[in-house]
Amino acid sequence: MVQILKSSLAVLAVVAGVALSAGAALAHASEQGFVLLLPTDVYIAAGGASVALTVVLLALLPPGAAEAVFRTARLWPASAAFRHVTSCLAAGLLAFLVWRGFTGSRDPSVNPMPLFVWTVWWIGLVTLQGLVGNHWRWTNPWTGPAAVLARLTGSRAPWRYPRWLGHWPAVGIFLMFAGFLLADPAPSDPARLAAYAGAYWYVALLGLVLFGPAWMVRAEGITVLMRIYARMAVLGRDRGRVAAGLPGWQVIRLKAPPLALAVFTLVLLGTGSFDGLNETFWWMGVLGVNPLEFPGRSAVIGQTLAGLVGCNLALIGAFAGCLWLGERLAGTRRTLRDAFCLFAPSILPIALAYHIAHYLTALLVDGQYVLKALNDPLGNGASLLGLTEFYVTTGFFNTPGTVKLIWLTQAGVVVAGHVIAILLAHALALKDMPGTRRAVLGQAPLAAFMVAYTVFGLWLLASPRGL
C-alpha cells in the first residue's frame, strides 16, 4: 500500500508540473478534437487491478492502518485576515469581466469573460480548492460586498433561512449550472455568459443580504461546491491552526454530512462522469447522431438534460444499492440514510480526480489563451507580459511521447483518486463501527463499485469523442 501511495503522490506531482508548464486554462466550453490511440485495454486493466489490490491490502492490514495514513501535521495559526477586502476585489474583478463580456470581442478565445469563467475558475480555482486549500474564504465575491452593505445600513438579515430546506437549493442550483455548461447552445458566448454571471451574482447577493450567512453555506450552489471540495485539500484547519495531511484527512475529522449535502457529493461525480460520457461516440450512437456530422448542441438540448439527470439518478441508485447490500452483509444496525450520509464523502476523491483528468487537455491548450488575454486584457494592443510574439500551439498532441505522458497522467490521477476513496471509506467504516472483519464485509459491495468505476473512468478518457 505504501508503494501505491507513493505512486499516487508522484502522479499528482506530474499533474502539477504539466499544469504549471501550460499556464492557466479555458474549460469545457472548448473543443477536444483528438483521440489518444494507445493500448488502453492494458492501462485500464492495470488501473482496475491496482484499486482492487488496495482493497485486498486493507483487508489484511491491522485495524487503524487506513486512518493512520490520514494523520496530520499542525503548522501555523489559522487566520482569515483581509477576507472581506479580497472578496470585494474579487467582486470588482467579476464586474470588469462582465463589462468585457458585453463590450469586448465576441471570440471566446480572446474575450476574458469566458476565459476566466471556464478556465481560470472552473478548471484552475476549483482544482486548487480541492488539492491545496480553501481559498474561497478569500476569493468568494459576495461576502465582502455583503459586509460593506451591512456596515453602511447598520441592519442585519431580516429573515431566517428555513432549516427544512437544508442544502437542497444548492443541489438544484448546481444542476442548473451543469445544464448550462453541458446543454446550452453557446455557453462560451461572452455576452450571454456575462448576462448569466451578472444576474446570478445579484441574486446570490440578495439571498445573502436577506437570509444571512446561512444562505451562503446552504443554498448558494457555487459556495457549497467549493466548501465540499475544500474537504479534500491538503491544507485545512485543525483546532485553530492550519494543518496538512494526505488529501481527504478532513473528511475523517468532520461529521457525516446531512442527506442533501451527501446527495450533492454524488451529483458532483455523476455530473463529471456525464460531462465525459456525452462527448463519446457511444453516446452519439445512443442519440442516433453521426459523430462526424454533429448537428450542434441546439439539436440535442433535451437529450443532454435528460442524460444529465438520468446519469445522476443511476449513480445515486447504484451507490445506495451497494451500501444497502454492504449493511446486510456486515449485519449493522445503520439505516440506509445513515450509511449514505456516512460514506458519501468517500466519493469526493473520485469526483475531484475526474474533474482534473477530464479538463487536463483543455488546460494545456486554453491556458495559452489565458496568457494572451492577460497580456492584453483590454484588447487595445498592449503587451503587459511581453508576449507579443507568443502563439498558441497544440503541437504536443501530435507527438507520441507527449500524448502518452498526458494520457498516463490522466489515468494516474483517476487511479489515485479511487485508491484514496477506498482508504477513506475503510477509515470511515472503522471509525463508525470498530472491527476489521465487519468493516471489510460491509465495504465489499462499495469496493466493487469503486473498482468498476475506475475501469469506467479510464474507458471514458480513452474513448473517441465527437464534440
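The paragraphs below set out a description of the structure included in this document. Note that this is a predicted model, so its numbers are computed, not measured.

Focus on the overall build of the chain
Looking only at helices and strands, one finds 19 helices and three strands in the chain. A total of 467 residues make up the chain; the buried ones form 51% of that total. Residue pairs at least 24 apart in sequence account for 82% of intrachain contacts in the chain once pairs closer than 6 positions are excluded. On the chain, roughly 20600 Å² of surface is accessible, and the fraction owed to carbon and sulfur atoms is 68%.

Details of a nonpolar patch on the surface
Residues Trp 324, Leu 325, Leu 329, Leu 336 and Leu 441 make up a contiguous nonpolar surface patch of about 440 Å² in total accessible area. With three residues, helix H15 (residues 301-330) is the single largest residue contributor to the nonpolar patch. Within the secondary structure layout, Trp 324 lies in helix H15. Residue Trp 324 is classed as partly exposed on the basis of its relative accessible area of 46%.

Concerning the packing of aromatic side chains
Taken as a whole and assessed by the stated rule, the structure comprises 26 aromatic pairs. Here the aromatic rings of Trp 159 and Phe 211 are separated by 5.7 Å at their centres, their planes lie at 55°, and the arrangement is tilted. Taken together, the residues Trp 159 in the loop between helix H7 (143-153) and helix H8 (168-183) and Phe 211 in helix H9 (residues 190-211) connect sequence positions 52 residues apart. Between Phe 319 and Phe 449, the aromatic rings sit 6.1 Å apart at their centres with planes inclined by 65°, giving edge-to-face as the arrangement. Here Phe 319 is found in helix H15, whereas its partner Phe 449 is found in helix H19 (residues 436-462), with 130 residues between them in sequence. An identical accessibility class is assigned to Phe 319 and Phe 449; each is buried. In textbook terms, an aromatic cluster arises when at least three aromatic residues are bridged by ring pairs, as seen for Trp 118, Trp 121, Trp 122, Phe 174, Phe 177, Phe 180, Tyr 196, Phe 264 and Tyr 359. The ring of Trp 99 carries the charged tip of Arg 100 above its face, separated from the ring centre by 5.7 Å.

A few points about the pattern of salt bridges
All told, the structure shown has five salt bridges when counted by the stated rule. Between Arg 192 and Asp 184 there is a salt bridge, with its nearest N and O atoms 2.8 Å apart. In this structure, Glu 327 and Arg 334 form a salt bridge, with 3.0 Å as the shortest nitrogen-oxygen distance. The exposure classification of Glu 327 matches that of Arg 334, with both residues buried. Several salt bridges share partner residues, and in doing so they unite Asp 238, Arg 239 and Arg 253 into one network.

What to know about the sheet that holds strand S1 (residues 72-77)
Strand order in this open sheet of three strands is S1-S3-S2, and the pairing throughout is antiparallel. In this open sheet, the two strands that pair with only one neighbour each are S1 and strand S2 (235-238). The mean inter-strand angle of the sheet, taken between neighbouring strand axes irrespective of direction, is 40°. Across four bridges, S1 lies against strand S3 (residues 241-245) in antiparallel orientation. Residue pairing across strands places Ala 73 opposite Ala 244, the latter belonging to S3.

Structural notes on the nonpolar core
Counting residues in hydrophobic clusters, the biggest one holds 113 residues, and the most contacted among them are Trp 121, Trp 122 and Phe 319. When residues in this core are grouped by element, the largest group, 16 residues, is from helix H18 (residues 400-432).

Quick notes on helix H11 (residues 221-230)
When you tally the buried positions in H11, you get nine out of ten residues, the bulk of the element. Turning to H11, its buried residues number three or more, namely Gly 221, Ile 222, Thr 223, Val 224, Leu 225, Met 226, Ile 228, Tyr 229 and Ala 230. Backbone nitrogen of Ile 222 and a side-chain oxygen of the N-cap are separated by 2.9 Å at the start of H11; the cap is Glu 220.

Some thoughts on H15
The terminal C-alpha atoms of H15, which comprises 30 residues, lie 44 Å apart, in line with the 44 Å expected from a rise of 1.5 Å per residue. Looking one or two residues past H15, Gly 331 carries a phi angle of roughly 70°, positive in sign.

Description of the packing of H8 against helix H13 (residues 259-277)
Where H8 meets H13, the axes come as close as 9 Å, and the angle between the chain directions of the two elements is 10°. Judged by the inter-axis angle, H8 sits roughly parallel to H13. On H13, the residues touching Trp 168, Ala 170, Val 171, Phe 174, Leu 175, Ala 178, Leu 181 and Leu 182 of H8 are Leu 259, Ala 260, Val 263, Phe 264, Val 267, Leu 268, Thr 271, Phe 274 and Asp 275. Its residues assigned to classes, the contact of H8 with H13 comprises 15 nonpolar, one polar and one charged.

Topic: the packing of H13 against helix H17 (residues 348-375)
Packing of H13 against H17 leaves a shortest axis separation of 9 Å and a crossing angle of 25°. Classified by the angle between their axes, H13 and H17 sit roughly parallel to one another. Helix-helix and strand crossings are classified by hand; for H13 and H17 the assignment is left-handed. Packed against H13, whose contacting residues are Thr 265, Leu 268, Leu 269, Ser 273, Asp 275 and Gly 276, the element H17 presents Leu 348, Ile 350, Ala 351, Tyr 354, His 358 and Tyr 359 at the interface. Residues of the contact of H13 with H17, tallied by class, amount to seven nonpolar, four polar and one charged.

What counts, and where the lines are drawn
- Residues numbered from 1 in each chain as written.
- Predicted model: local features only at pLDDT ≥ 70, side-chain atom pairs only at ≥ 80, totals over all residues.
- Heavy atoms only, no water.
- Helix = DSSP H or I, 4+ residues; strand = E, 2+ residues; numbered from the N terminus.
- Buried < 20%, exposed > 50% of the residue type's maximum accessible area, 1.4 Å probe, protein only.
- Contact = heavy atoms within 4.5 Å.
- Areas by Shrake-Rupley, 256 points an atom, 1.4 Å probe, with all protein chains shown as cover.
- Patch = residues over 30% accessible without salt bridge, like charges linked within 9 Å, V, L, I, M, F, W, Y side chains within 5 Å.
- Salt bridge = Lys/Arg side-chain N within 4 Å of Asp/Glu carboxyl O.
- Phe/Tyr/Trp six-rings, centres within 6.5 Å; stacked < 30°, edge-to-face > 60°.
- Lys NZ or Arg CZ within 6 Å of the ring centre and 35° of its normal.
- Pairing = 2+ DSSP bridges.
- Axes fitted to C-alpha atoms, helices over the stretch in contact; angles between N-to-C directions.
- Core = buried A, V, L, I, M, F, W, Y, C linked by side-chain atoms within 4.5 Å.
- Polar contact = N/O pair within 3.5 Å; in protein donor to acceptor, adjacent residues only side chain to side chain.
- Expected span 1.5 Å × (residues − 1).
- Parallel < 35°, antiparallel > 145°, perpendicular 65-115°, else oblique.
- Nonpolar A, V, L, I, M, F, W, Y, C, P; charged D, E, K, R; others polar.
- Left-handed = near helix turned anticlockwise from the far one by under 90°.

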